[in-house]
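# Close look at the chain arrangement
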Amino acid sequence: MSTHPPLLYERVARLVETQIATGTLRTNDRIPSVRSMSRTAKVSVSTVVQAYVHLENIGLIEARPQSGFYVRPPDPQTVPEPRAKPPRSRRPTTVATEMLDTCREALSRSDIVPLNGAFTSPALYPTQRLNNLTREVLRDRPLHAGELIMPPGDPELRRQVAKRMALAGAPTDPEHVVITSGTMDAITLALRVICQPGDTVLVESPTYFGLLQAIEHQRLKVVEVPNRPGIGIDAEAVRNMARSTRLAAAVLMPNFNNPAGTLTPDDAKRDIVATLTGMEIPIIEDDIYGDLHYGSVRPTSMRAFDESGLVISCGSVSKTIALGYRIGWAVTPQFHTDIARAKFYSSVACPTLQQLVLARYYASGGYDRYLRRIRAMLSANAQSFIDAVARHFPAGTRITRPAGGIVIWVELPANVDAVELFRTALASKIGIGPGVVFSAKADYRNYVRLSCGLPWSPAIDRAIEKLGKLVHGLGK
């Protein structure tokens with residue numbers, strides 16, 4: 001079948017399309033005037049006009065009155081979500097310690113735009129209220145605040161945590177709550193209680209790099225199942241992995257996975273819980289972002305579907321109230337005594353003053369009022385980040401659209417190395433999370449995680465614009 005050569009206007013249109021695709025022309029750049037393009041392409045003015053009308057019709061450029069034609073910002077809703085990668089099973093030492101150390105050190109730098117940290121800005125915390133409650137506790141119980149509260153922790157705080165578990169569909173006995181030094185402490189203690197060195201643990205991919213390092217530090221093996229952007233944890237993959245591999249435990253983040261931000265639907269949660277607990281495989285649920293949903297209803301905990309007592313739900317105040325308080329919890333009817341014992345033997349106890357302050361804060365009702373405000377801000381922030389990435393990054397970029405949490409997962413064009421982007425961005429005083437650290441096999445070489453936990457500002461917009469320019473440069 002013969003093909004016709006492109007018409008003159010199509011040739012001009014392709015010239016502009018190529019310049020946009022390669023980053024020579026970026027979003028909001030003015031494209032050559034009709035007369036200038038006429039001279040460059042050696043075609044008539046009417047041919048260029050026809051080409052520009054075609055480019056307008058397909059949404060690549062837009063005419064601005066008395067100004068000319070410009071590269072049109074893409075509609076964020078038309079930018080696809082990142083693709084899932086088929087995980088490979090065993091963990092080698094492919095993510096170099098140097099890379100992880102550089103990522104960790106960047107988190108403590110005060111001279112960068114911190115788009116690398118999965119937490120909200122301390123400026124948003126209810127600091128004044130917490131400070132007032134601290135003074136109240138010190139006034140009412142000056143001696144007790146300096147004493148030790150042994151595991152499983154302060155009874156009133158455990159009661160408040162149990163009350164909040166009901167909002168996640170999992171009513172809880174306060175006796176089954178163990179206070180820990182943050183979510184990672186809860187997960188690590190649970191792994192220590194359940195697993196022996198050499199055991200295999202199921203995780204999702206991508207997942208939080210700190211979890212992968214904690215598993216490796218305990219000399220455990222890891223196998224991965226996909227967490228698909230926009231879909232969640234692959235329940236069928238979990239079922240297949242559980243049938244083919246001897247698993248000691250699973251550590252999963254169904255509510256706003258870090259880094260993908262994905263919410264796993266209730267049907268999939270129910271299926272996963274039935275599969276794993278039916279085979280007597282404990283599930284350690286990382287629910288640290290559950291309270292940071294953008295919608296009207298808090299997502300369900302996996303414990304809501306647990307009939308065997310094998311789901312251990314872990315959370316903390318680190319992403320909501322105060323990162324530095326280092327107070328979290330593990331909720332489990334079956335393993336609470338063992339976890340409390342492990343807490344005592346590993347670090348004795350959690351800070352007393354913070355436990356007492358948080359118990360009063362929860363009881364006051366202030367937490368829910370605060371959450372309503374912070375959720376609205378984070379939802380608007382996430383949209384601002386999505387819009388900015390769509391505006392400044394090159395064609396071929398894919399972006400998640402999370403329904404909660406504080407991270408955006410970005411798939412870059414295939415020829416862009418996110419590790420190199422991480423280094424060049426850091427040299428420009430911008431922090432990002434390179435995708436390789438979120439996989440046991442150092443996958444996601446062209447992915448990055450961005451935090452949307454900072455209040456949106458012109459400085460952040462400029463940082464994302466700068467990142468876009470760096471991506472354009474690395475993709476050439």
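A brief look at the structure comes next. On a predicted model such as this, the values are computed, not experimentally measured, just so you know. (Residues numbered from 1 in each chain as written. Predicted model: local features only at pLDDT ≥ 70, side-chain atom pairs only at ≥ 80, totals over all residues. Heavy atoms only, no water.)

### Description of the overall build of the protein
- Assigned secondary structure in the protein consists of 15 helices and 16 strands.
- Relative to the compact-globule value of 23 Å for 476 residues, the protein shows a C-alpha radius of gyration of 25 Å, a close match.
- Expressed along its principal axes, the backbone C-alpha trace of the protein runs to roughly 85 × 55 × 40 Å.
- The proportion of buried residues among the 476 residues of the protein is 55%.
- In the protein, the share of contacts with a sequence separation of at least 24, taken over all contacts with a separation of at least 6, comes to 75%.
- Surface summary for the protein: the accessible area is close to 20,400 Å², and the carbon and sulfur share equals 51%.
- Considering the protein, the positive charge centre built from 56 side chains and the negative charge centre built from 44 side chains are found 6 Å apart. (Helix = DSSP H or I, 4+ residues; strand = E, 2+ residues; numbered from the N terminus. Rg over C-alpha atoms; globule rule 2.2 N^0.38 Å. Buried < 20%, exposed > 50% of the residue type's maximum accessible area, 1.4 Å probe, protein only. Contact = heavy atoms within 4.5 Å. Areas by Shrake-Rupley, 256 points an atom, 1.4 Å probe, with all protein chains shown as cover. Lys, Arg positive; Asp, Glu negative; His and termini not counted. Charge placed at Lys NZ, Arg CZ, Asp CG, Glu CD.)

### Some details on the sheet that holds strand E4 (residues 177-180)
- Within the open sheet, the eight strands sit side by side as E4-E11-E10-E9-E8-E5-E6-E7. Their pairing is mixed. Only two strands of the sheet have a single partner each, and these edge strands are E4 and strand E7 (232-233).
- Of the strand pairs in this sheet, strand E6 (residues 221-228) and E7 are connected by two bridges, and their pairing is antiparallel. Considered in E7, the bridge of Asn 227 is made with Ile 233.
- On the sheet, helix H10 (residues 266-278) packs against strand E5 (200-205), E7, strand E8 (249-252), strand E9 (283-286) and strand E10 (311-316) and is oriented at approximately 150° with respect to E9. (Pairing = 2+ DSSP bridges. Axes fitted to C-alpha atoms, helices over the stretch in contact; angles between N-to-C directions.)

### Topic: the sheet that holds strand E15 (residues 433-434)
- Spatial strand order, E12-E13-E16-E15: four strands in an open sheet with antiparallel pairing. Here the strands that pair on one side only, and so sit at the sheet edges, are strand E12 (398-399) and E15.
- As defined by bridge partners, E12 adjoins strand E13 (residues 407-411) across two bridges and the pair is classed as antiparallel. Among the inter-strand pairings, Arg 398 is bridged to a residue of E13, identified as Glu 411.

### Re the nonpolar core
- Leu 115, Ile 321, Leu 412, Ile 432 and Leu 467 are the most contacted members of the largest nonpolar core, which has 89 residues in total.
- If you tally residues by element for this core, the top one is helix H13 (residues 366-392), at 12 residues.
- With sequence-adjacent residues up to four places away left out, Leu 412 is seen in contact with Phe 393, Gly 396, Ala 418, Leu 421, Asn 446, Val 448 and Val 471.
- Among the nonpolar cores identified, the runner-up in size contains 28 residues, and Ala 190, Val 203, Leu 310 and Ala 340 belong to it. (Core = buried A, V, L, I, M, F, W, Y, C linked by side-chain atoms within 4.5 Å.)

### Observations regarding the state of the cysteines
- Tallying each qualifying case throughout the model produces zero disulfides.
- Here Cys 103 stays free of any disulfide, with the sulfur of Cys 452 as its closest cysteine sulfur at 18 Å.
- The class for Cys 452 is buried, based on a relative accessible area of 0%. (Disulfide = S-S within 2.5 Å.)

### With respect to the pattern of salt bridges
- One pass over the structure, following the stated rule, counts 21 salt bridges.
- Here Asp 111 makes a salt bridge to Arg 109, at a shortest N to O gap of 2.9 Å.
- Using a relative accessible area of 38% as the deciding quantity, one classes Asp 111 as partly exposed.
- Assessed through its relative accessible area of 32%, Arg 109 is described here as partly exposed.
- Asp 417 serves as the salt-bridge partner of Arg 445, at 3.3 Å between the closest nitrogen and oxygen. Here the residue Arg 445 occupies a position in the loop between E15 and strand E16 (447-451), and Asp 417 occupies one in the loop between E13 and helix H14 (418-427), the gap between them amounting to 28 residues. (Salt bridge = Lys/Arg side-chain N within 4 Å of Asp/Glu carboxyl O.)

### Some points on the pairing of strand E11 (residues 328-331)
- Side chains of E11 alternate between two faces, with Gly 328 and Ala 330 and Trp 329 and Val 331 buried alike.
- Taken together, the four bridges between E10 and E11 define a ladder with antiparallel strand orientation. What sits directly across from Cys 314, in E11, is Ala 330.

### Description of the packing of helix H12 (residues 352-364) against H13
- Where H12 contacts H13, the two axes come as close as 5 Å, and the packing angle between them is 75°. The angle between the axes of H12 and H13 places the two elements in the roughly perpendicular class. Judged by residue contacts, Tyr 361, Tyr 362 and Ser 364 of H12 engage Gly 366, Tyr 367, Arg 369 and Tyr 370 from H13.
- Taken together, the residues of the contact of H12 with H13 sort by class into four nonpolar, two polar and one charged. (Parallel < 35°, antiparallel > 145°, perpendicular 65-115°, else oblique. Nonpolar A, V, L, I, M, F, W, Y, C, P; charged D, E, K, R; others polar.)

### Here's the deal with helix H6 (residues 155-167)
- Restricting attention to buried positions, one finds in H6 the residues Leu 157, Arg 158, Gln 160, Val 161, Ala 162, Arg 164 and Met 165.
- The inward-facing, buried residues of H6 contact E4, E10, E11, H12 and H13.
- Of the residues trailing H6, Gly 169 is marked for its positive phi of about 80°.

### A look at empty space enclosed by the protein
- Enumeration according to the criterion identifies three cavities of 30 Å³ or more in this entry.
- If you list the elements that add at least two residues to the lining of the largest cavity, you get H6 and E10.
- Top contributing element to the lining of the largest cavity by residue count: E10, with four residues.
- Of the residues in the lining of the largest cavity, the class split is seven nonpolar, four polar and four charged.
- If you add up the space inside the second largest cavity, you get close to 60 Å³.
- As for the second largest cavity, its lining consists of Cys 103, Leu 107, Asn 116, Phe 209, Phe 422, Ile 432, Gly 433, Pro 434, Val 437, Phe 438 and Arg 449.
- Grouping the amino acids of the lining of the second largest cavity by side-chain chemistry returns eight nonpolar, two polar and one charged. (1 Å grid on protein atoms, 1.4 Å probe; cavity = no way out; pocket = protein on both sides within 12 Å on 5 of 7 lines; lining within 4 Å. Points joined across faces, edges and corners; volume = space filled by probe spheres on them.)

### Description of helix H8 (residues 209-217)
- The set of residues buried in H8 consists of Phe 209, Gly 210, Leu 211, Leu 212, Ala 214 and Ile 215.
- Those residues of H8 that are buried lie in contact with helix H4 (97-107), helix H7 (183-194), E5, E6 and E8.
- Looking at the residues trailing H8, positive phi occurs at Arg 219, about 60°.

### So, the layout of surface pockets
- When its volume is computed, the largest pocket comes out at roughly 440 Å³.
- Ile 20, Pro 74, Phe 393, Pro 394 and Ala 395 are, among the 26 residues lining the largest pocket, the residues nearest its centre.
- Broken down by element, the residue count for the lining of the largest pocket peaks at four residues, all from H13.
- When grouped by side-chain class, the residues that make up the lining of the largest pocket number 14 nonpolar, seven polar and five charged.
- If you trace the second largest pocket, you find 21 residues lining it, with Ala 118, Met 184, Tyr 208, Lys 319 and Leu 323 closest to the centre.
- Class assignment of the residues belonging to the lining of the second largest pocket gives a composition of 10 nonpolar, seven polar and four charged.

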